[in-house]
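Commentary on secondary and tertiary structure
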Amino acid sequence: MASEIRMPAPVCLIENTEGQLVVNQEALEILSATKNPLVVVAIVGLYRTGKSYLMNKLAGKNKGFSLGSTVQSHTKGIWMWCVPHPKKPDHTLVLLDTEGLGDVEKGDNQNDSWIFALAILLSSTFVYNSMGTINQQAMDQLHYVTELSDRIRAKSSPNSNGIEDSADFVSFFPDFVWTLRDFSLELEADGLPITADEYLENSLKLKQGTTQSDQNFNLPRLCIRKFFPKKKCFIFDRPTHRKKLGQLETLHDNDLDPEFVQQASAFCSYIFKNSKTKTLSGGIKVNGPRLEKLVQTYVDAISRGDLPCMENAILALAQIENAAAVQKAIAHYDQQMGQMLQLPTETLQELLNLHRACEKEAIELFMRNSFKDRDHLCQKDLAAQLEKKRDDFCKQNVQASTDRCSDLLKDIFSPLEEAVKQGVYSKPGGYRLLIQKIQELKTKYLQQPNKGIQAEEVLQEYLKSKESVTDAILQTDQTLTEKEKEIEVERVKAESAQAAAKVLEEMQIKNQQLMEQKERSHQEHVRQLTEKMERDRVQWLDEQERILAFKLQEQARLLKEGFQNESKRLHTEIQNIQKSMEKPRKTCFLS
Ligand SMILES: Nc1nc2c(ncn2[C@@H]2O[C@H](COP(=O)(O)OP(=O)(O)O)[C@@H](O)[C@H]2O)c(=O)[nH]1
Ligand SMILES: [Mg+2]
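Please read all numbers here as calculations on a predicted model, not as lab measurements. Counting from 1, residues in each chain are numbered in the order their sequence is written. Throughout, the order in which chains and ligands are written sets their labels, letters from A for the former and numbers from 1 for the latter. Per-residue local features of the predicted model are confined to residues with pLDDT of at least 70, and side-chain atom pairs are confined, for both listing and counting, to 80 or more; whole-chain, interface and lining totals are unaffected and use all residues. Side-chain numbers come from the whole structure's heavy atoms, not from hydrogens or water.

1. Observations concerning the overall build of the protein chain
Across its full length, the protein chain holds 17 helices and 12 strands. It is over C-alpha atoms that the radius of gyration is taken, and the globule rule equals 2.2 Å times the number of residues to the power 0.38. Taking 591 residues into account, the globule formula puts the C-alpha radius of gyration at 25 Å, and the protein chain, at 38 Å, lies well above it. Considering only C-alpha atoms, the protein chain reaches an extent of 130 × 55 × 40 Å along its principal axes. Residues classed as buried in the protein chain amount to 46% of the 591 residues present. Any pair of residues with heavy atoms lying within 4.5 Å of one another is described as a contacting pair. Taking all contacts inside the protein chain whose residues are at least 6 apart in sequence as the whole, residues at least 24 apart take part in 75%. For the area figures, the Shrake-Rupley method with a 1.4 Å probe applies, and any residue is considered shielded solely by the protein chains shown. About 30,000 Å² of surface is accessible on the protein chain, with carbon and sulfur atoms providing 52% of the total. His is not counted, nor are the chain ends, whereas Lys and Arg count as positive and Asp and Glu as negative. Where a charge lies is defined by one atom per residue type: Lys uses NZ, Arg uses CZ, Asp uses CG and Glu uses CD. Placing the 78 positive and 84 negative side-chain charges of the protein chain at their respective mean positions leaves the two points 2 Å apart. In this text, helices come from DSSP runs of H or I with a minimum length of four residues, and strands from runs of E with a minimum of two, each type numbered from the N-terminal end. Relative accessibility decides the category of a residue: with a 1.4 Å probe and only protein chains considered, values under 20% of the type maximum give buried, values over 50% give exposed, and everything between is partly exposed.

Listed below in structure tokens is the structure:
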């Protein structure tokens, strides 16, 4: 693996200043150099609730994200710290800390919502941090989650079958973790001990009733339930005495409450073990350059006044990466051909076979590095470029062979040409001698190796260019009768016609071979594309199955809790998903 940048301290990724969101170039450069797959953990919540301190724990450091005592001096927005993943080799753990959420002094609620939405869009694990128990205040602070469907779009165009856009959120939303700090209650329900996860589930139960206050109670709970398939909860004791809280950065584990140390360590272990690589719809694993692009695309959209859209972001990524995949495939083809091809080749087929092998590898490389290639435009571009390269090689092959043959002819025949010029053959019986000599030199020429595919054609052209000279010698040779001369003229004519026929036949064979190769190239493209489409189909169905299972479970729960209307709405979503799966289920591309 390439050596990754080591970040001694976090940097600001997205600055939130004076109502503007600005991406920090330094952070983007760090991302672009981070080629490992990324596990992205983002934390949000009210300011001064110990978020940064907890994130530092994930980084395995006491200091890093700066703690709250100097809240005013911090740049507001999203801060980033990339560290080597402690448990997954060749993975990078990206910690995103949000700064200034709900900061009353700032009074900029609009951008807080965007920071919240961006944290959701960019992370694979989303940590919501709050103080104390899950009470209505904590829920109210989570109001951002209820606004998400007005902040984020899943698809670029609204679904024609009427599925609410937020129905698609499930497929790309991060895992949800709620961390409860300074939690001082006993975890129990009806007098029995419960787990933190059960506590969270209980807290997400809905209230019967239709008053505004009931709806306010239910809305954030419904949103959390329907957007996040995977939910987890951790409780923490207060880390130390109140008086010492200000110096947490300098305290070691043995100065802290042992309960807290244990809870923090359980939280970190869970994140290290369970947090997934950030993956986009279609199974696209996010690395640094991809996250870089996502950040830019989303912040650009927000700055333009648009809603950040998942699908558009993936398509923007695809456009860049597919173009790069074409370049990579072509470079590989060039490199392989350059290494193995010796011009001129003995036969055209030899060149075509080599082309075929390199082309296959190039297409494979392209397939591995590309995704969502709209209308196969990039693949078509690759095909066109490879075809042109093949034709260029064919031309070069002809030229190399022609040059070699011309040189050989010059070497072999120039002494004869000189002799003819000096009249050596312009004497009685000279014609026969000349024919004999030509035959001899022809044999010598044909015996030379590495002449390539133009050997016959170049020879015939040469002989043809000398016909007038030989004919002149024939006509002046006094040892031959007029009749004999006539016969000889006919013989030469027949011989050259035969040779021309041979050249023509060779040309036809070459054309045939070229046509066959074109067909094979086409088939190779189709074969590899079909395999890729099949892989994508299986992957998509898999994704939908998971979403379906989650929605069915949630629907059953709603029904059990007596929420007919909500359950019905989910039922429609479920039906729509099932419908959208019908055709892909039946369309195996490989059959
Ligand atoms: N009561 C309490 N204070 C904490 C905890 N963790 C950190 N702190 C202290 O709370 C203050 C704010 O912490 P910080 O991590 O900066 O909070 P943030 O604003 O949410 O990022 C600092 O003085 C920390 O030392 C905790 O779990 N409980
Ligand atoms: Mg902080």
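2. Considerations on the sheet that holds strand S3 (residues 38-44)
Pairing between strands is defined by DSSP: at least two bridges between them are needed. Reading across the sheet, the eight strands line up as S2-S1-S4-S5-S3-S6-S7-S10 and stay open at both edges, with mixed pairing between neighbours. The open sheet has two free edges, formed respectively by strand S2 (20-23) and strand S10 (231-235), since each of these has just one partner strand. In this sheet, neighbouring strand axes are inclined to one another by 20° on average, regardless of whether the strands run parallel or antiparallel. Contacts from helix H6 (residues 196-203) reach strand S7 (175-181) and S10 within the one sheet, and its direction differs from that of S10 by about 115°. Interaxial angles span 0 to 180 degrees and are taken between N-to-C directions of axes, which are lines fitted to C-alpha atoms, for helices over the stretch in contact.

3. Some details on the UniProt feature "coiled-coil region" (unreviewed entry) in the protein chain
UniProt positions are given in the numbering used here, feature names are shortened, and annotations may be inferred rather than shown by experiment. Under the UniProt annotation, "coiled-coil region" (unreviewed entry) lies at residues 480-524. Annotation note: span residues 480-524, helix share 96%, strand share 0%, distance between end C-alpha atoms 63 Å.

4. A few points about the pattern of salt bridges
Close approach of charged atoms allows side chains with opposite charge to pair. Here, a salt bridge means any side-chain nitrogen of Lys or Arg that lies within 4 Å of a carboxyl oxygen of Asp or Glu. Under the defined criterion, the tally for this structure stands at 28 salt bridges. Notably, a salt bridge pairs Lys 230 with Asp 175, separated by 4.0 Å at the nearest N-O pair. On the criterion of sequence distance, the pair formed by Lys 230 in the loop between helix H7 (212-227) and S10 and Asp 175 in strand S7 is long-range, its members being 55 residues apart. Taking the relative accessible area as the measure of exposure, Lys 230 reaches 34% and is therefore partly exposed. For Asp 175, a relative accessible area of 8% gives the class buried. The partner of Lys 551 in a salt bridge is Glu 573, with the nearest N and O atoms 2.5 Å apart. In this pair, Lys 551 is assigned in helix H16 (residues 482-560) and Glu 573 in helix H17 (residues 564-586), connecting sequence segments 22 residues apart.

5. Here's the deal with the site of ligand 1
The environment of ligand 1 is made up of 17 residues, and the closest members are Arg 48, Ser 52, Gly 68, Asp 182 and Leu 245. Counted as a polar contact is a pair of N or O atoms within 3.5 Å, where, for protein atoms, one must be capable of donating a hydrogen and the other of accepting one, and residues adjacent in sequence contribute only when both atoms are in side chains. The contact in question runs from an oxygen atom of ligand 1 to an N or O atom on the side chain of Lys 51, over 2.9 Å. One of the backbone N or O atoms of Leu 245 is found 2.7 Å from an oxygen atom in ligand 1. The fraction of the free accessible surface of ligand 1 (580 Å²) that becomes covered by protein chains is 93%. Among the elements that make up the shell around ligand 1, the one with the highest residue count is helix H2 (residues 51-58) (three residues). Three classes are used: nonpolar for Ala, Val, Leu, Ile, Met, Phe, Trp, Tyr, Cys and Pro, charged for Asp, Glu, Lys and Arg, and polar for all others, with Gly counted as polar. Partitioned by chemical class, the residues of the shell around ligand 1 number eight nonpolar, four polar and five charged. Throughout, the term near means that a residue has one or more heavy atoms lying within 4 Å of the molecule or strand in question.

6. With respect to unusual backbone geometry
Backbone torsion omega between Leu 343 and Pro 344 reads -5°, so that peptide bond is classified as cis. Structurally, the position occupied by Pro 344 is in the loop between helix H10 (310-340) and helix H11 (348-369). In this structure, Arg 48 takes a positive phi of about 60° despite not being glycine. On the secondary structure map, Arg 48 appears in the loop between S3 and H2. Exposure remark for Arg 48: the relative accessible area of 54% places this residue in the exposed category. Even without a glycine there, the phi angle at Asp 182 is positive, about 50°. Mapped onto the elements, Asp 182 comes out in the loop between S7 and strand S8 (188-189).

7. With respect to the nonpolar core
By nonpolar core we mean a set of buried residues, namely Ala, Val, Leu, Ile, Met, Phe, Trp, Tyr and Cys, connected to one another through side-chain atoms within 4.5 Å. Ranked by size, the top nonpolar core spans 102 residues in total, and within it Leu 13, Met 80, Leu 148, Trp 178 and Phe 267 carry the most contacts. Considering each element in turn, this core owes the most residues, nine residues, to helix H3 (residues 109-122). Ignoring sequence-local partners within four residues, the contact set of Trp 178 consists of Tyr 128, Ser 130, Ile 134, Ala 138, Met 139, Leu 142, Leu 200, Ile 224, Lys 232, Cys 233 and Phe 234. If you look at the next biggest cluster of nonpolar residues, it comprises 23 residues, including Leu 341, Leu 348, Leu 514 and Leu 529.

8. A word on helix H13 (residues 430-447)
Multiplying one less than the number of residues by 1.5 Å gives the expected span of a helix. For H13, built from 18 residues, the straight-helix expectation of 26 Å at 1.5 Å per residue is met to within 8% by its first-to-last C-alpha distance of 26 Å. What H13 keeps buried is the set Gly 430, Tyr 431, Leu 434, Ile 438, Leu 441, Lys 442 and Tyr 445. Looking down the long axis of H13, one finds its buried residues gathered within 110° of arc, a one-sided arrangement. Exposed side of H13, more than 90 degrees from the buried face: Arg 432, Gln 436 and Gln 447 are the residues found there. Summarising the contacts, the buried residues of H13 are in contact with helix H12 (377-421), helix H14 (455-465), helix H15 (467-476) and H16. The arc in question is traced by the directions running from the helix axis to the C-beta atoms.

9. Notes on the state of the cysteines
Two cysteine sulfurs form what is called a disulfide whenever their separation falls within 2.5 Å. Counting across every chain of the model gives zero disulfides. Not part of a disulfide, Cys 309 finds its nearest cysteine sulfur in Cys 223, a span of 19 Å. A residue is classified by how much of its surface remains accessible, and Cys 309, at 6% relative accessible area, is buried.

10. A look at the packing of aromatic side chains
Working definition: rings of Phe, Tyr and Trp (its six-membered ring) pair if their centres are within 6.5 Å, and the pair is stacked with planes under 30 degrees apart, edge-to-face with planes over 60 apart, and tilted otherwise. Applying the stated rule across the entire model yields 22 aromatic pairs. The interplanar angle of 70° and the centroid separation of 5.5 Å between the aromatic rings of Phe 173 and Phe 227 together place this pair among those described as edge-to-face. Here Phe 173, found in the loop between helix H5 (144-151) and S7, pairs with Phe 227, found in helix H7; they are 54 residues apart in sequence, far enough to count as distant. You'll find Phe 173 and Phe 227 in the same group, each marked buried. Relative to Tyr 462, the ring of Phe 413 lies with its centre 5.0 Å away and its plane at 55°, an arrangement referred to as tilted. Pair noted here: Phe 413 is in helix H12 and Tyr 462 is in helix H14, with a separation of 49 residues, a long-range link. Classification of Phe 413 as buried rests on a relative accessible area of 1%. Relative accessible area serves as the criterion here: at 14%, Tyr 462 is assigned to the buried category. Linked through ring pairs, Phe 116, Phe 126, Tyr 128, Tyr 144, Phe 169, Phe 172, Phe 173, Phe 176, Trp 178, Phe 227 and Phe 228 together constitute an aromatic cluster. The side chain of Arg 181 reaches across the aromatic face of Phe 236, ending 5.4 Å from its centre. Sitting over the face of the ring of Tyr 445, Lys 451 holds its NZ or CZ atom 5.6 Å from the ring centroid. To sit over a ring, a charge needs its Lys NZ or Arg CZ within 6 Å of the ring centre and within 35 degrees of the ring normal.

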